[in-house]
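Structure at a glance
Listed below are the residues making up each chain.
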Amino acid sequence: LINVLERRQIIEENPFDRLKAPGQGPKRATTITEEEYERLISVPDSEWIKAFIRIGWHTGMRRGEMMSLQWDNVSLDSQLIRLRNTDEFTTKNKKDRTIPIPQPLYEYLDWWQEHYLDHCTSPPEDVEYVVVNTLGRRLNQSAVSRGWRKVRAKAKVPKEKTPHTLRHSYAT
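Here's what I pulled together on the structure shown here. (Residues numbered from 1 in each chain as written. Predicted model: local features only at pLDDT ≥ 70, side-chain atom pairs only at ≥ 80, totals over all residues. Heavy atoms only, no water.)

The next point concerns the overall build of the protein. Each helix and strand in the protein was counted, giving 7 helices and 3 strands. Going from N to C terminus, the protein has its helices and strands arranged as α-α-α-α-β-β-β-α-α-α. Taken against the 2.2 N^0.38 rule, which gives 16 Å for 172 residues, the C-alpha radius of gyration of the protein at 22 Å runs more than 25% over that of a compact globule. Its C-alpha atoms give the protein principal-axis dimensions of roughly 75 × 35 × 30 Å. Evaluated residue by residue, the protein yields a buried proportion of 38% over its 172 residues. In the protein, of all internal contacts separated by at least 6 residues, the share reaching a separation of at least 24 is 57%. Charged side chains of the protein number 28 positive and 24 negative; the gap between the two group centres comes to 8 Å. (Helix = DSSP H or I, 4+ residues; strand = E, 2+ residues; numbered from the N terminus. Rg over C-alpha atoms; globule rule 2.2 N^0.38 Å. Buried < 20%, exposed > 50% of the residue type's maximum accessible area, 1.4 Å probe, protein only. Contact = heavy atoms within 4.5 Å. Lys, Arg positive; Asp, Glu negative; His and termini not counted. Charge placed at Lys NZ, Arg CZ, Asp CG, Glu CD.)

Given below as structure tokens:
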């Protein structure tokens, strides 16, 4: 429309020609290397963040999906995770999906299912979530962010790499 107005000499010049496109800013790191992953899982003193990192690395699940993952949706027998939409949780695209559990994660989850309550100071009787805090309760966004920042710094992984970067790493 502006170009038409300029051609018809209704306006002298396109006012948008003087604008500069916004800068791109620093390029965000897109993946976590295998070496960085190994450092991340060797550093944590909180076992729950190690479980969170392993699940993200091996499945590409989103942060909210991992925080909402319940043992009922993990089948170690068939080595599948089923993400189902419920009243409490919906996937980003609102579609259920099934994710295969690779062997390294299977072995870890098999161990984790037996021992994760050992890392809780006072777990409730019916813990349903796969990754829980030290009280055996469901994680929240701020706890994951704090845990990630602490582990990332100790592992000397660049600040630009976030829990979402685990998802990108899985896809490559």
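Another aspect to go through is the packing of helix α2 (residues 34-42) against helix α3 (residues 47-59). Viewed as axis vectors pointing N to C, α2 and α3 meet at an angle of 155°, and their least axial separation amounts to 9 Å. Considering their axes alone, α2 and α3 lie roughly antiparallel with respect to each other. Where α2 crosses over α3, the two elements pack in a sense that is left-handed. Note on element contacts: α3 touches α2 through K50, I53, R54, W57 and H58, opposite E34, Y37, L40 and I41. (Axes fitted to C-alpha atoms, helices over the stretch in contact; angles between N-to-C directions. Parallel < 35°, antiparallel > 145°, perpendicular 65-115°, else oblique. Left-handed = near helix turned anticlockwise from the far one by under 90°.)

In space, the 3 strands of this open sheet follow the order β1-β2-β3, with antiparallel pairing throughout. The open sheet is flanked by β1 (74-75) and β3 (97-100), the only strands paired with a single partner. Pairing of β1 with strand β2 (residues 80-83), which is carried by 2 bridges, proceeds in the antiparallel orientation. Counted as the bridge partner of V74 is I81 from β2. (Pairing = 2+ DSSP bridges.)

The subject of this paragraph is the pairing of β2. Burial along β2 is one-sided: I81 and L83 are buried, and none of L80 and R82, which face the opposite way, are. Between β1 and β2, which pair antiparallel and follow one another directly, the connecting turn spans 4 residues, one of which, Q79, has a positive phi of 55°. Here 4 bridges tie β2 to β3, and the two strands are oriented antiparallel to one another. When the bridges of β3 are listed, L83 appears paired with R97.

On to unusual backbone geometry. The backbone of Q9 sits at a positive phi, close to 60°, despite the residue not being glycine. In this fold, Q9 is placed in the loop between α1 (2-7) and α2. Accessibility expressed as a relative area gives 68% for Q9, which makes it exposed. Here K94, not a glycine, exhibits a phi torsion of approximately 60°, which is positive. The exposure class assigned to K94 is exposed, which follows from its relative accessible area of 62%.

This is a description of form; function is not addressed.
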